[in-house]
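These are the residues of each chain, in order.
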Amino acid sequence: MTGKNVMSANLKNRILHVDGDSFFASCEIALDKKLLGRAVWVGGGRRGDGIVIAANRAAKKFGVKTGMACFEAKRICPRGVLCRPHYDAYRDISQKMFRVLEQYSPMLVPVSIDEGFLDFTTMDSVIWRNTTPEKYVREICERITREVKIPVSAGLANSSRLAKLTTDAAKPGFLEIKPGEEKDFLQDRSVRELSGIGKNRQRSLAALGALTFGHVAKLPSPLLKQKFGIWGTQLWLFANGLWSEPLLLEVKDRTTISSNTTLPYDEPEHEAALTFALSETTRLTGQLRREQLQAREISLTIRFDDFSEVGGAHRFQHAQFQNSIINAALEEIFRGIMGGQVKPVRQIRIAMWNLSRLDTQPTLWGRTIEERWGALDEAAQKAQKILKEKLKIDKIPLMTGAQLALRQLDDTHKNPKAKCPFVPQREMVKKLWGTDADPLAHKGDWEKRLAKVSKQAQFNG
Ligand SMILES: [Mg+2]
């Protein structure tokens, strides 16, 4: 048996996981109070009536589930309400939630639109003297419900993995796994609950007779190491309540930008496919410019309805950021690889890489073309946002030539699939802390806030 000191050192980390309850459905209720108390689900797909992508507790009671067809949901819950997705609003609500969360810990790591981890490891000396973790977390959750109008659940444990499992067990509400209670908590839980465990590993574990963490804990650790490598060792430590890890925020610079789109139907018209590809390239180029980047290389891959593929790439003399140049290169690749092809197009993949910094401030009166293009793009983005808010429409009010051509083509091409609303971690962190990706750079601010929270906690307690 391991010495007690080693174990307690291992159990030191305290990580909180916070997760919005049926987030999209909760957002719809936050946006429209009339929905309060009703069964609500959000439909995905191009028209917002495809499959259920979120359902609230009231709807779940009727058996409405994520992944179910919306008409089926209506059949089993006739009085429920179907909402179309409002991704922009969800992102705003998400950001408000993270704004509250960041005030409660020096380290916040957002992992999805409605989920994040907070590091509570160093709270003992400042916070827990005046309150308990339980009270502190309940206050966070209540504040989010009050200010952001979104119900959240939370789990506190010695690692982010266990904290996530704890939240799932707590939903709706809060649960804390106190140091030393980890193994008991995990004992009868299925290994299936562990995030990132694949079907293959599940099957291999089942072959060893390990269906629960309790079973895993009893297996010899060298056997697991032999079967699964380092992951096996970690799993054994986890099952025994000995896995503890600090919370790490990894914000890597973008090395590539890409788009992968399966068309709504196999497109026989190759010009239409080109128009779509140009519109996607414009979108990617705009994203790069907003991140102050430019690309040296671009590639295009076309997959046909029989799954055969053609592809090509282009390397620019210098890194590029202008739509006109990048689109011209893309069109050339397209014409080159599609000559003589007759099969309908199923999927279009575009990638740009070999990225470098675009070190210019966008200004319309700039001396270089980089500055002026950047300014145009930024102005278009701003106008887009203002028009959208003022006109309250989801459509794109401003379009580039390729986007306009696309619109005139066909309804189904406008928006071939609902884009995932998750803001990548890198962007979310930038929004929270400005361009500075290092949260510790704001340590001073945070310490002031923490002192305030600590005083409040003292006052309330
Ligand atoms: Mg959630």
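Rules used throughout
Residues numbered from 1 in each chain as written. Predicted model: local features only at pLDDT ≥ 70, side-chain atom pairs only at ≥ 80, totals over all residues. Heavy atoms only, no water. Donors = N, O, S within 2.8 Å, 3.2 Å for Na, K, Ca; no water. Salt bridge = Lys/Arg side-chain N within 4 Å of Asp/Glu carboxyl O. Buried < 20%, exposed > 50% of the residue type's maximum accessible area, 1.4 Å probe, protein only. Helix = DSSP H or I, 4+ residues; strand = E, 2+ residues; numbered from the N terminus. Pairing = 2+ DSSP bridges. 1 Å grid on protein atoms, 1.4 Å probe; cavity = no way out; pocket = protein on both sides within 12 Å on 5 of 7 lines; lining within 4 Å. Points joined across faces, edges and corners; volume = space filled by probe spheres on them. Nonpolar A, V, L, I, M, F, W, Y, C, P; charged D, E, K, R; others polar. Phe/Tyr/Trp six-rings, centres within 6.5 Å; stacked < 30°, edge-to-face > 60°. Lys NZ or Arg CZ within 6 Å of the ring centre and 35° of its normal. pLDDT = per-residue confidence, 0-100. Contact = heavy atoms within 4.5 Å. Axes fitted to C-alpha atoms, helices over the stretch in contact; angles between N-to-C directions. Left-handed = near helix turned anticlockwise from the far one by under 90°.

J.: I tried to follow the coordination of the magnesium ion on my own but got confused; where do I start?
T.: Working reference: metal with six octahedral donors, ideal angles 90 or 180 degrees; metal with four tetrahedral donors, ideal angle 109.5 degrees. Listed as protein donors to the magnesium ion are Asp19 (OD), Gly20 (O) and Asp114 (OD); their distances from the metal cover 2.2 to 2.5 Å. In the primary sequence, the donor residues of the magnesium ion line up as D-G-x93-D.

J.: Sorry, what's going on with the pattern of salt bridges here?
T.: Two side chains of opposite charge can pair, provided their charged atoms sit close to one another. Overall, the coordinates contain 19 salt bridges when judged by the stated rule. Aspartate 32 serves as the salt-bridge partner of lysine 34, at 3.9 Å between the closest nitrogen and oxygen. Given the relative accessible area of 70%, lysine 34 is considered exposed. Among the salt bridges present, the one from arginine 315 reaches glutamate 297, with a minimum N-O distance of 3.3 Å. Within this pair, whereas arginine 315 is found in strand E11 (residues 309-320), its partner glutamate 297 is found in strand E10 (residues 293-304), the two being separated by 18 residues in sequence. A relative accessible area of 14% places glutamate 297 in the buried class. One connected set of salt bridges, linked through shared partners, spans Asp19, Asp21 and Lys171.

J.: I keep staring at the pairing of strand E12 (residues 345-357) and nothing clicks. Help me out?
T.: Every other side chain in a regular strand lies on the same face of the sheet, so the side chains alternate between the two faces. Where strand E9 (residues 256-267) meets E12, eight bridges bridge the pair, whose relative direction is antiparallel. Within E12, the position partnered with asparagine 260 by the bridge is arginine 349. Summarising the sheet, E10 and E12 pair through eleven bridges and their orientation is antiparallel. Bridging across to E12, threonine 301 finds its partner in arginine 349.

J.: In this structure, what is going on with the layout of surface pockets? I would like to understand it.
T.: Here the idea is plain: a probe the size of a water molecule rolls over the atoms and shows the empty space left. One number sums up the size of the second largest pocket: a volume of about 380 Å³. Of all the elements in the fold, those that place two or more residues in the lining of the second largest pocket are helix H2 (23-31) and helix H3 (57-61). For the lining of the second largest pocket, the element with the highest residue contribution is H2, accounting for three residues. A breakdown of the residues in the lining of the second largest pocket according to their chemical character gives six nonpolar, five polar and five charged.

J.: Looking at this model, I keep getting lost on the packing of aromatic side chains. Mind explaining?
T.: How two aromatic rings sit relative to each other is set out by the distance from centre to centre and by the angle between their planes. As enumerated under the stated definition, the model contains eight aromatic pairs in all. Each ring, one from phenylalanine 24 and one from tyrosine 90, has its centre 4.6 Å from the other, and the planes form 15°; the classification is stacked. Here phenylalanine 24, found in helix H2, pairs with tyrosine 90, found in helix H5 (residues 87-101); they are 66 residues apart in sequence, far enough to count as distant. Taking the relative accessible area as the measure of exposure, tyrosine 90 reaches 0% and is therefore buried. Site record: aromatic cluster; members linked through ring pairs are Phe23, Phe24, Tyr87 and Tyr90. The residue whose ring lies beneath arginine 201 is tryptophan 231, and the NZ or CZ to ring-centre distance is 4.0 Å.

J.: So what exactly am I meant to see when it comes to the confidence of the model for the protein here?
T.: Interpretation of this model should avoid reading the predicted coordinates in detail wherever pLDDT is low. For the protein, the mean per-residue pLDDT works out to 82, and 78% of the residues sit at or above 70. Within the model, the stretch residues 410-422 combines pLDDT values under 50 with 32 contacts to residues more than four positions away or in other chains. Within the model, the stretch residues 434-440 combines pLDDT values under 50 with eleven contacts to residues more than four positions away or in other chains.

J.: Please explain the packing of helix H11 (residues 221-228) against helix H12 (residues 230-239) as it appears in this structure.
T.: When two helices pack together, their arrangement is given by the angle between the helix axes and the distance between those axes. Where H11 meets H12, the axes come as close as 6 Å, and the angle between the chain directions of the two elements is 145°. Considering how the two elements wind past one another, H11 and H12 form a crossing that is right-handed. Along the contact surface, H11 presents Ser221, Leu224, Lys225 and Phe228, while H12 presents Ile230, Trp231, Gly232, Thr233 and Trp236. A class-by-class count of the residues in the contact of H11 with H12 yields five nonpolar, three polar and one charged.

J.: Looking at this structure, I do not really get the environment of alanine 206. What am I missing?
T.: Note on placement: alanine 206 falls in helix H9 (residues 199-207). A residue is classified by how much of its surface remains accessible, and alanine 206, at 37% relative accessible area, is partly exposed. Each C-alpha atom of the pair alanine 206 and valine 216 lies 9.9 Å from the other, and the pair is ten residues apart in sequence.

J.: Would you mind going over the pairing of strand E2 (residues 40-43) with me for this structure?
T.: Covered by surrounding structure in E2 are Val40 and Val42 together with Trp41 and Gly43, the residues of both alternating faces. By the bridge criterion, three bridges tie E2 to strand E4 (residues 81-83) in an arrangement that is parallel. The residue of E4 that forms the bridge with tryptophan 41 is leucine 82.

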